[in-house]
2 protein chains.
Amino acid sequence: MIKALLSVLLVLAAVTSSSVGKPGKYIPKGGKRLPQTLSRGWGDQLIWAQTYEEALYWSRSRNKPVMVIFHLEDCPHSAAMKKIVSDDFDIQKLLDEDFIVINLVYETTDKHLSPDGQYVPRILFVDPTMTVRADITGRYSNRMYAYEPSDIKLLHDNMEKAKKLLKSEL
Amino acid sequence: MIKALLSVLLVLAAVTSSSVGKPGKYIPKGGKRLPQTLSRGWGDQLIWAQTYEEALYWSRSRNKPVMVIFHLEDCPHSAAMKKIVSDDFDIQKLLDEDFIVINLVYETTDKHLSPDGQYVPRILFVDPTMTVRADITGRYSNRMYAYEPSDIKLLHDNMEKAKKLLKSEL
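Residues numbered from 1 in each chain as written. Chains lettered and ligands numbered in written order. Predicted model: local features only at pLDDT ≥ 70, side-chain atom pairs only at ≥ 80, totals over all residues. Heavy atoms only, no water.

(A) Local environment of the confidence of the model for chain A. All names here are of chain A. A residue-level look at chain A finds 85% of positions with pLDDT of 70 or above and a mean pLDDT of 90. When the criterion is pLDDT under 50, residues 15-21 qualifies, and its contacts beyond four places in sequence or with other chains add up to 2 contacts. Prediction confidence for the complex, expressed as pTM and ipTM, is 0.81 and 0.76 respectively. (pLDDT = per-residue confidence, 0-100. Contact = heavy atoms within 4.5 Å.)

In structure tokens:
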């Protein structure tokens, strides 16, 4: 009787394991994909926030400003800025040590992050007091938060400006 | 006169290029880091949404439900579920072909994603009509959206349930 029970159990176990444990890792039909990175090429050595809320949380808790980069994967202007920013030793070091970083390919619902419209590439700074630094701008009056590769020095200066934190009114 | 101007320009160019073009890629003081992935280990072959808003956008435009995974990197229960989910061929295939996926280590501001509290691991499904499927639950009455590794079959069944889309009331 016990033997019979045991063999039923064994059969059950075999059926269960064969239907649950499939061998092999899943590979998509189109072939193996490279894992997506949070940096999206803007600096693989930096620690990127995934969401804006997360960036704000880190900003407040570490008392560091946020640099928010809006870009698009298939935009040549974004790609050109990305290359310049990711290759620039000083900017990467500054971002790593003194900033919370986030790059977004989708707009957020926060209107403060598009003071003069939604375009890419667009770079905004946010103070740990959660104030968007609309005063820190690039050189184009029609797209105030746009930067081109030749503006890398201005971007660096603006990062230094963002590092000088606003006084909290609390 | 022209010669003198030219040499001034050359000196200027040399000064500019030496101050801008620093050699070498930035490496943090603590040593080189592995680039962060959007999958965070829940399936490197899947295409992950970065933000919940992005996931909802994809969900509507592709008419696929969203599977939202809340987890924490240093939570052993999350880690155990992650291993089971990422190793399961059928679940990965189903997620890749029929779902929009997002995994979050920070809570969103959307209260609908925490019907019975904020805990991890927690898995919720969202219909393309943007309705959180609070009816699709695990087996724990005090943490209705929690799953353990032994619940993998139930998770699979719940995914099939989520695939049966709600009718839009529009």
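Don't stop here, the text continues.
(B) Representation of the pattern of salt bridges. Residue and element names in this part refer to chain B. Across all of its chains, the model carries 26 salt bridges over all chains by this definition. Of the charged contacts in the structure, one is a salt bridge between Glu-73 and Lys-82, with a shortest N-O distance of 3.5 Å. Lys-82 sits in the buried class, given a relative accessible area of 15%. Across the salt bridge formed by Arg-139 and Asp-151, the nearest N and O atoms sit 2.8 Å from each other. Here Arg-139 is found in the loop between strand E3 (122-126) and helix H5 (152-163), whereas its partner Asp-151 is found in the loop between E3 and H5, with 12 residues between them in sequence. For Arg-139, a relative accessible area of 52% gives the class exposed. Exposure remark for Asp-151: the relative accessible area of 2% places this residue in the buried category. (Salt bridge = Lys/Arg side-chain N within 4 Å of Asp/Glu carboxyl O. Buried < 20%, exposed > 50% of the residue type's maximum accessible area, 1.4 Å probe, protein only. Helix = DSSP H or I, 4+ residues; strand = E, 2+ residues; numbered from the N terminus.)

(C) Spatial organisation of the sheet that holds strand E3 (residues 122-126) of chain A. Residue and element names in this part refer to chain A. Judged by pairing direction, the sheet is mixed, and its 3 strands sit side by side in the order E2-E1-E3 without closing on themselves. The open sheet has two free edges, formed respectively by strand E2 (100-104) and E3, since each of these has just one partner strand. Averaged over all adjacent pairs, the angle separating strand axes in this sheet is 15 degrees, with direction ignored. Two strands pair when backbone bridges link them, and strand E1 (residues 66-70) and E2 are joined in this way by 5 bridges, in the parallel orientation. Its bridge partner being in E2, Val-66 is matched across the sheet by Ile-100. Packed on one face of the sheet, helix H2 (residues 52-62) meets E1, E2 and E3 and runs near 170 degrees to E2. Helix H5 (residues 152-163) contacts E1 and E3 of the sheet and is inclined by roughly 20 degrees relative to E3. (Pairing = 2+ DSSP bridges. Axes fitted to C-alpha atoms, helices over the stretch in contact; angles between N-to-C directions.)

(D) Quick look at the environment of Ile-69 of chain A. Residue and element names in this part refer to chain A. Looking at the element boundaries, Ile-69 is found in strand E1. When the C-alpha positions of Ile-69 and Val-120 are compared, they lie 8.5 Å apart, and in sequence the two are 51 residues distant. Aside from chain neighbours lying at most four places away, what touches Ile-69 is Trp-42, Trp-48, Ile-102, Asn-103, Leu-104, Arg-122 and Ile-123.

(E) Main features of the interface of chain B and chain A. On the chain A side, the residues contacting the 43 residues of chain B number 43 residues. Buried surface at the junction of chain B and chain A, both sides included, amounts to about 3900 Å², of which 50% is carbon and sulfur. When the buried area of chain B at its contact with chain A is split by residue, Tyr-26, Gln-36 and Gln-45 of chain B rank highest and sum to 22% of it. Scanning the region where chain B abuts chain A turns up 6 salt bridges. Counting across the interface, chain B meets chain A through 19 residue pairs in polar contact (both at pLDDT 80 or more). Those elements that place two or more of their residues in the side of chain B that touches chain A are helix H2 (52-62), helix H3 (76-87), helix H4 (89-98) and strand E2 (100-104) of chain B. At 6 residues, the largest contribution of residues to the side of chain B that touches chain A is made by H4 of chain B. Across the side of chain B that touches chain A, the residue classes tally to 17 nonpolar, 11 polar and 15 charged. (Buried area = accessible area lost by both parts, 1.4 Å probe. Polar contact = N/O pair within 3.5 Å; in protein donor to acceptor, adjacent residues only side chain to side chain. Nonpolar A, V, L, I, M, F, W, Y, C, P; charged D, E, K, R; others polar.)

(F) Structural detail: the nonpolar core. Core analysis: the largest hydrophobic core is formed by 46 residues, its most contacted members being Phe-125 and Leu-155 of chain A together with Phe-125 and Leu-155 of chain B. Counting residues in hydrophobic clusters, the runner-up holds 20 residues, among them Leu-56, Val-68, Ile-100 and Ile-102 of chain B. (Core = buried A, V, L, I, M, F, W, Y, C linked by side-chain atoms within 4.5 Å.)

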